[in-house]
Amino acid sequence: MPNLVALDDVAKSLVNNLRRFRNPLGLSIDKLTEWSKGLSFDNASDTYLYTGGLYQMIPYINSLIDGMNRLEGSIPGGIGMVKLLERFGFNVSSFYSSVTAKETARYNVIITNLYSLLKKEGINFGYLGDEEIYSGVILYDLGLDDEFGEIARQLAKKLKEKRVAKLITMDPHSTFILRSIYPKYVEGFDVEIVHYMELLKADKHKRDKDTSKIFSIHDPCLLARNLDLSQRYRDFAESLGLKIAEPLMSKRHTYCCGGPIENIAPRVSNSIAKNRCTQLAKLGSNALVACPICLSNLGRACKDRMNVYDLLEMV
Amino acid sequence: MKRSFIEVKKAMYSALEDTYMRTGVGRGMQNYAEKYEGIFSREDVQQLKREVSELRRHVLKNIEQLYKQAIESLTKNGVYAYYAKTRQDALSILDKIIQPHELVVKSKSLVGEEIGVRDFLRLRGNEVWETDLGEFIIQLKNEKPAQMVAPALHIPREEVAALFEKQFNKKFSPDDLEGMVATARNFLRDKIARADTGITGANAISAREGTVVTVENEGNIRLTMTMPRKHVVLSSVEKVYPSTVDCVKAALTQSYFAGYDKPTYVSLTSTPSGTGDIEKVMVRPAQGSKEMYVILLDNGRLDAASSFLSDGLRCIKCGACQLVCPVFSVDGPAWGGDTYTAAIGIVWTAIVEGVDSAKPLSYFCLSCNACNEVCPADIDISGTIRLLKSSKVK
Ligand code: SF4
């Protein structure tokens with residue numbers, strides 16, 4: 001008999017992990033900072049790169065959702081899962097059995113690519129390293145306002161301590177929450193939040209056009225509707241030499257990848273992602289995204305039909 | 001109906017396997033996606049949207065005063081007008097207007113679904129027929145509407161053919177849409193011609209003039225309101241606008257955002273039918289109804305007007321937000337309450353059934369804001385759903 005995971009179990013586990021490990025998945029800090037090994041940062045700068053941890057979490061999210069799907073009977077193989085839960089209770093971190101070094105490397109490269117782009121434009125920036133705190137966006141999305149406020153104040157305090165005036169962000173979720181929601185929860189929060197697409201100059205990274213591959217472009221919801229970056233996203237892709245094609249429902253009318261409810265109802269989330277794959281796959285066998293949630297969710301759902309790449313993988 | 005999070009999740013998981021529903025909803029949404037940008041980007045539509053979203057803010061602020069004024073104006077027009085605080089109150093009023101032996105025809109009305117009017121009348125002995133084709137199909141299947149404007153969106157042609165075969169005892173080819181529509185038309189026309197009472201909804205009602213405005217494409221509303229002796233309008237308190245011109249603007253907007261490039265019929269009805277053609281002496285009825293009744297349902301709305309749900313009351317029920325909702329696209333009406341489904345339907349469920357019924361549904365919202373992007377009333381729909389998640393109700 002499949003066990004549908006209860007809301008409270010997910011919520012409690014995320015909150016506990018955040019309190020203990022400063023990230024909702026309960027990963028050890030070195031997994032989040034691994035990408036920065038050997039790179040230099042100017043921590044005296046008032047500008048910092050904020051990873052938010054989402055790209056680093058992708059392989060673990062994938063593993064977690066795979067586990068939840070087994071547990072809920074969406075895919076076979078849940079018996080062991082049930083036994084594990086009976087013994088230890090529900091904790092999202094019991095699910096990361098299958099994460100390989102190759103996978104983590106893929107997502108770490110995305111961050112180092114951004115690092116190189118920023119350097120190439122001569123931008124000076126610091127990085128909080130093992131002091132970086134997750135933004136709390138998942139708590140906000142679950143309506144856990146008190147717990148979210150707690151995290152927001154912690155991160156704000158940390159930024160103040162380091163005299164950070166400006167944060168360079170790399171995913172739409174952290175960007176939106178820091179820019180538009182933090183000021184409502186943290187009094188006097190005035191750190192300037194800049195998404196890399198707003199900061200970098202697309203034409204400085206020009207490459208020859210490779211017309212052999214067509215990318216169906218998928219607009220991440222928040223990037224298009226809340227940050228209004230659809231055009232810059234395209235400009236970037238074009239200057240990187242990518243040939244893009246527009247699916248049904250694009251730009252401000254984009255169709256969600258389903259990711260935001262992957263931990264609430266993975267089966268529903270996956271059906272939504274599959275729908276989106278059908279729309280994207282009409283245009284070819286490669287899809288382009290610019291968000292870790294889309295990359296993870298579409299990546300899993302489309303894997304039989306197409307390859308899904310993040311814009312930052314294409315530089 | 002209050003369900004737990006797990007019960008909702010179970011229902012939503014099993015809906016994913018409902019091939020008929022997925023086909024119907026998928027086709028409907030695809031058709032909508034292909035045309036709505038063309039309509040929304042029109043300058044006249046944009047202008048109307050700006051005006052109507054302002055109007056809706058005004059209506060919400062003055063909701064009590066407006067509906068009271070409408071009742072006065074309607075009464076002056078010779079219309080029997082009532083305020084019904086609860087579902088039960090509305091049914092008791094109907095109980096007095098409609099006799100148990102009467103034949104009743106009805107056009108689509110979400111307020112009617114909210115109070116369960118069809119079942120109520122049937123159980124007391126009335127023969128009742130839905131005259132809107134989608135709602136007629138829903139009636140044959142005995143289900144709740146899937147979507148605000150297209151109630152049978154989740155029922156693809158193949159299933160309609162099967163339902164018709166059962167009702168009319170003859171075979172229909174799923175691709176013979178004309179044949180199915182003609183059969184329903186003939187059947188319903190006969191019922192309308194013989195009906196004692198016609199129930200309709202209203203898109204808007206004016207406070208100053210006491211005029212009821214409806215918009216439609218089928219023509220069934222006009223027949224339903226004019227052919228029977230009695231015309232009953234089932235509407236609700238948040239649908240009252242200051243003037244008739246405001247009402248027409250709202251009705252047009254509703255039609256455009258539902259995906260129609262222009263409405264076929266807009267009707268304005270202010271009084272029962274009459275003629276003064278012989279010596280200027282008013283005689284009722286002429287060709288239309290002899291008596292007209294309007295019931296304005298509250299059912300939680302006035303309370304919601306001063307709560308965190310208030311923005312939801314600005315909704316004009318165009319259904320656009322549902323037709324772009326990814327969760328709706330895979331789960332259809334399974335994501336919803338007893339009457340209202342998906343997107344703003346989750347907020348409506350909170351308003352009319354209570355926050356405790358809607359809260360377990362709210363967690364399935366992606367916060368993707370596709371709904372906000374299309375809403376003509378400029379409602380932060382996903383933001384309001386998020387407030388449901390964070391509400392302290394158990
Ligand atoms: S919330 Fe907006 S988009 Fe949705 S039905 Fe109401 S008016 Fe239409």
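As a reminder, the structure under discussion sits directly above these lines.
Here's a quick rundown of the structure. Since the model is a prediction, treat every value here as computed from it, not as a measurement.

### Overview of the sheet that holds strand S5 (residues 210-217) of chain A
Residue and element names in this part refer to chain A. Pairing in this open sheet of four strands is parallel, and the strands run S6-S5-S7-S8 from one edge to the other. Each of the sheet's edge strands pairs with one partner strand only, and the pair in question is strand S6 (242-245) and strand S8 (307-310). Mean inter-strand twist for the sheet, computed between neighbouring axes without regard to direction, equals 45°. As paired elements, strand S7 (residues 286-289) and S8 share four bridges and run parallel to each other. By the bridge assignment, valine 289 is partnered in S8 with aspartate 310.

### Section: helix H1 (residues 7-21) of chain A
Over its 15 residues, H1(A) runs 21 Å from end to end, which matches the ideal 21 Å to within 8%, given 1.5 Å per residue. For H1(A), the full list of buried residues reads Leu7(A), Val10(A), Ala11(A), Ser13(A), Leu14(A), Val15(A), Asn17(A) and Leu18(A). Looking at the buried positions of H1(A), the neighbouring elements they touch are helix H3 (54-71), helix H6 (137-141) and helix H7 (145-161) of chain A together with helix H1 (5-15) of chain B. A positive backbone phi angle near 65° is found at Arg22(A), which sits one or two residues after H1(A).

### What to know about the nonpolar core
Membership of the largest hydrophobic core comes to 177 residues, with the highest contact counts inside it found for Tyr196(A), Leu288(A), Leu298(A), Leu311(A) and Trp335(B). In contact with Leu311(A), not counting residues within four places along its chain, are Tyr196(A), Met197(A), Tyr233(A), Phe236(A), Ala237(A), Leu240(A), Leu242(A), Leu288(A), Val289(A) and Ala290(A). Counting residues in hydrophobic clusters, the runner-up holds 29 residues, among them Ile63(B), Val215(B), Val240(B) and Leu296(B).

### Some thoughts on the site of the ligand
Near the ligand you find 13 residues, and of these Cys315(B), Cys318(B), Gly319(B), Cys321(B) and Cys375(B) are the closest. Looking at side-chain class alone, the shell around the ligand contains 11 nonpolar, one polar and one charged residues.

### Quick look at the interface of chain B and chain A
The interface of chain B with chain A comprises 34 residues on the first partner and 34 residues on the second. Interface of chain B and chain A: buried area, both sides summed, is about 3,000 Å²; carbon and sulfur atoms make up 62% of it. Here Arg386(B) makes a salt bridge to Asp145(A), at a shortest N to O gap of 2.9 Å. Among the secondary structure elements, those contributing two or more residues to the side of chain B that touches chain A are H1, helix H2 (19-40), helix H15 (326-331), helix H18 (370-374) and helix H19 (381-390) of chain B. Across the side of chain B that touches chain A, the residue classes break down as 18 nonpolar, five polar and 11 charged.

### Some thoughts on unusual backbone geometry
Most peptide bonds adopt trans geometry, and most residues besides glycine take a negative phi value. Residues and elements named next belong to chain B. Of note, the amide linkage connecting arginine 284 to proline 285 takes the cis form, showing an omega dihedral of -10°. Within the secondary structure, proline 285 is located in the loop between strand S9 (265-269) and strand S10 (291-297). Phi is positive for lysine 317, close to 55°, though the residue is something other than glycine. You can see lysine 317 is positioned in the loop between helix H13 (301-305) and helix H14 (320-323). Using a relative accessible area of 3% as the deciding quantity, one classes lysine 317 as buried.

### Side note on the packing of helix H17 (residues 355-362) of chain B against H19(B)
Any two packed helices are characterised by how steeply their axes cross, that is the angle between the axes, and by the distance between the axes. Residues and elements named next belong to chain B. One way to put it is that H17 packs onto H19 with a least axis distance of 8 Å and a crossing angle of 105°. Put simply, H17 runs roughly perpendicular to H19. Listed contacts from H19 to Val355, Ala358, Lys359 and Ser362 of H17 are Ile385, Leu388 and Lys389. Here the residues of the contact of H17 with H19 are counted per class, giving four nonpolar, one polar and two charged.

### Section: the packing of helix H9 (residues 157-168) of chain B against helix H10 (residues 177-194) of chain B
Residues and elements named next belong to chain B. Contact geometry for H9 and H10: axes closest at 11 Å, N-to-C directions at 40°. As the angle between them shows, H9 and H10 are arranged oblique. You can see that H9 and H10 cross each other, and the crossing is left-handed. Residues Arg157, Val160, Ala161, Phe164, Gln167 and Phe168 of H9 lie in contact with H10, whose contacting residues are Leu177, Met180, Thr183, Ala184 and Phe187. Broken down by class, the residue content of the contact of H9 with H10 amounts to eight nonpolar, two polar and one charged.

Quick notes on the rules
Residues numbered from 1 in each chain as written. Chains lettered and ligands numbered in written order. Predicted model: local features only at pLDDT ≥ 70, side-chain atom pairs only at ≥ 80, totals over all residues. Heavy atoms only, no water. Pairing = 2+ DSSP bridges. Helix = DSSP H or I, 4+ residues; strand = E, 2+ residues; numbered from the N terminus. Axes fitted to C-alpha atoms, helices over the stretch in contact; angles between N-to-C directions. Expected span 1.5 Å × (residues − 1). Buried < 20%, exposed > 50% of the residue type's maximum accessible area, 1.4 Å probe, protein only. Contact = heavy atoms within 4.5 Å. Core = buried A, V, L, I, M, F, W, Y, C linked by side-chain atoms within 4.5 Å. Near = heavy atom within 4 Å. Nonpolar A, V, L, I, M, F, W, Y, C, P; charged D, E, K, R; others polar. Buried area = accessible area lost by both parts, 1.4 Å probe. Salt bridge = Lys/Arg side-chain N within 4 Å of Asp/Glu carboxyl O. Parallel < 35°, antiparallel > 145°, perpendicular 65-115°, else oblique. Left-handed = near helix turned anticlockwise from the far one by under 90°.

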